[in-house]
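# Close look at the chain arrangement
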Amino acid sequence: MQSDGTLVDARARRVVARLRAAGCVSAEEEAELLLAEAPDDGALERLLVRREAGEPLEHVLGWAELLGLRVAVGPGVFVPRRRTEALVLEARRLLGERAGDGRRAVVVDLCCGSGALGLAVAATHDVELHAADVDPTAVGYARENLRRVGGHVRQGDLFEALPPDLRGRVDLLLANVPYVPASAVALLPAEARDHEPRVALDGGPDGLDVLRRVAAAATDWLRPGGHLLTETSESQVPQARRVLATHRLRPRVVRSEDAVVVAAVALPSPDADPRVRPAPA
Ligand SMILES: C[S@@+](CC[C@H](N)C(=O)[O-])C[C@H]1O[C@@H](n2cnc3c(N)ncnc32)[C@H](O)[C@@H]1O
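Summarised in this report is the structure supplied together with it. None of the values given here were measured: they were computed from a predicted structure. (Residues numbered from 1 in each chain as written. Predicted model: local features only at pLDDT ≥ 70, side-chain atom pairs only at ≥ 80, totals over all residues. Heavy atoms only, no water.)

### Focus on the overall build of the protein
The secondary structure content of the protein amounts to 10 helices and 9 strands. The C-alpha radius of gyration computed for the protein amounts to 21 Å, which stays within 12% of the reference 19 Å derived for 281 residues, consistent with globular compactness. Principal-axis analysis of the C-alpha atoms gives the protein an extent of 85 × 45 × 30 Å. Considering the protein as a whole, with its 281 residues, one finds that 49% of them fall into the buried category. Taking the intrachain contacts of the protein between residues at least 6 apart in sequence as the baseline, contacts between residues at least 24 apart amount to 61%. As displayed, the protein has an accessible area near 13400 Å², and 53% of this comes from carbon and sulfur atoms. (Helix = DSSP H or I, 4+ residues; strand = E, 2+ residues; numbered from the N terminus. Rg over C-alpha atoms; globule rule 2.2 N^0.38 Å. Buried < 20%, exposed > 50% of the residue type's maximum accessible area, 1.4 Å probe, protein only. Contact = heavy atoms within 4.5 Å. Areas by Shrake-Rupley, 256 points an atom, 1.4 Å probe, with all protein chains shown as cover.)

Here it is as structure tokens:
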């Protein structure tokens, strides 16, 4: 008779072999995650079939990891990318630098998808968090994820989703907008191209259409000295900087291993009180 350990090993080996045959590069790691997620053989089989059919691992598992946090995701929602941790770390740094005036910082996660960025910021800082997305599926996941940090989630087109009383009160605007040029969407890996909504990926002809719209309205919503954080590709940096600078935003680029974060501080309007100065960038 085989020991339990041998049976478990044989089951794990079968899962690894199937994942390998389906083209999964990290078959051992994926097998471990799927085995941990499935309560029984029937459930494991259902998960495996979906993964073999090319669904993103995170959609199959029902969660993605960002900075050690589990974020609920599933079919129809953008999977938060590890590279976007750089944007969250910059947001946390800016919040840590804030002069303590006793007021909770107001953070908006625009184009929030699953709400991963807002969640990761609210996990370490006591903030007033608002999140919004145009896609109802994303809004559903964001509501689930942000419930535990008391975030407010709304559906709508960019700033139209936000309550008007946030105008001029936002300290930190996170906007990981879609930034893939339309012609490059077809060249993305199948997991993104076939399983993530086009509205989450397609940024128009040069990839910067949504960022242009965000930048055009950002200073209406940010306090003078408030910060906008977005992500681009390396090749988009010069144009993204121009877009932001056109709209009373002073851009700054933060690079990490595989991410480019473009940060921008909101400058006071020319007719504002001259004593109001933006915080150092
Ligand atoms: C690249 S995904 C980022 C999602 C999330 N912030 C993250 O990093 O995981 C872009 C998101 O923008 C949303 N989006 C696209 N156009 C939008 C619009 N006009 N108004 C609001 N959300 C929009 C998409 O639905 C998608 O969830």
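### What about the environment of Tyr 179?
Among the structural elements, Tyr 179 can be located in the loop between β6 (170–175) and α8 (190–195). Counting along the chain gives 23 residues from Tyr 179 to Asp 202, while the straight-line C-alpha distance between them is 6.2 Å. Ignoring anything within four residues of it in the chain, the contact list for Tyr 179 reads Arg 83, Leu 201, Gly 203, Gly 207, Glu 231, Thr 232, Ser 233 and Gln 236. A polar side-chain atom of Tyr 179 sits 3.4 Å from a polar atom in the side chain of Arg 83. (Polar contact = N/O pair within 3.5 Å; in protein donor to acceptor, adjacent residues only side chain to side chain.)

### Notes on the state of the cysteines
All told, the structure shown has 0 disulfides when counted by the stated rule. With no disulfide partner, Cys 111 has as its closest neighbouring cysteine sulfur the one in Cys 112, 8.1 Å distant. Given a relative accessible area of 6%, Cys 112 falls into the buried group. (Disulfide = S-S within 2.5 Å.)

### Remarks on the pattern of salt bridges
Summed over all chains, the structure comprises 24 salt bridges. Put simply, Glu 90, Arg 93, Glu 97 and Arg 252 are held in one network by salt bridges that share partners. (Salt bridge = Lys/Arg side-chain N within 4 Å of Asp/Glu carboxyl O.)

### Quick word on the nonpolar core
In globular proteins that are soluble, nonpolar side chains generally tend to be buried together. Within the largest apolar cluster, 32 residues are counted, with the highest numbers of intra-cluster contacts made by Leu 110, Phe 159, Leu 173, Val 214, Leu 228 and Leu 249. Breaking this core down by element, the ones donating at least two residues are β3 (105–110), β6, α9 (209–221), β7 (222–232), α10 (237–245) and β9 (259–266). In this structure Phe 159 touches Leu 110, Leu 173, Arg 213, Val 214, Ala 217, Ala 218 and Trp 221, once residues within four positions along its chain are discounted. Core analysis: the second largest hydrophobic core is formed by 31 residues, Ala 86, Leu 94, Ala 105 and Val 127 among them. (Core = buried A, V, L, I, M, F, W, Y, C linked by side-chain atoms within 4.5 Å.)

### Quick word on the site of the ligand
Contacts to the ligand come from 17 residues, most closely from Cys 111, Asp 133, Asp 157, Leu 158 and Asn 176. Within the contact set of the ligand, a nitrogen atom lies 2.7 Å away from a side-chain nitrogen or oxygen of Asp 157. With respect to the ligand, the side chain of Asn 176 contributes an N or O atom lying 2.9 Å from an oxygen atom. Contact with the protein chains covers 96% of the free accessible surface of the ligand, which is 600 Å². Taken together, the residues that form the shell around the ligand break down as 10 nonpolar, 3 polar and 4 charged. (Near = heavy atom within 4 Å. Nonpolar A, V, L, I, M, F, W, Y, C, P; charged D, E, K, R; others polar.)

### Side note on the sheet that holds β7
Judged by pairing direction, the sheet is mixed, and its 7 strands sit side by side in the order β5-β4-β3-β6-β7-β9-β8 without closing on themselves. At either end of the open sheet lies a strand with only one pairing partner, and these are β5 (152–155) and β8 (249–256). Across this sheet, the average inter-strand angle for adjacent strands is 20°, counted without regard to direction. Where β3 lies against strand β4 (residues 127–133), 6 bridges are found, and the strand directions are parallel. Across the sheet, the residue bridging to Leu 110 is Ala 132, located in β4. Sheet strands in contact with helix α5 (residues 85–97) are β3, β4, β6, β7, β8 and β9, and its direction is about 160° off that of β7. (Pairing = 2+ DSSP bridges. Axes fitted to C-alpha atoms, helices over the stretch in contact; angles between N-to-C directions.)

### What about α5?
For α5, with 13 residues, the first-to-last C-alpha span of 18 Å sits near the 18 Å given by 1.5 Å per residue. Residues Glu 85, Ala 86, Leu 87, Val 88, Glu 90, Ala 91, Arg 92, Leu 94 and Leu 95 constitute the buried set of α5. (Expected span 1.5 Å × (residues − 1).)

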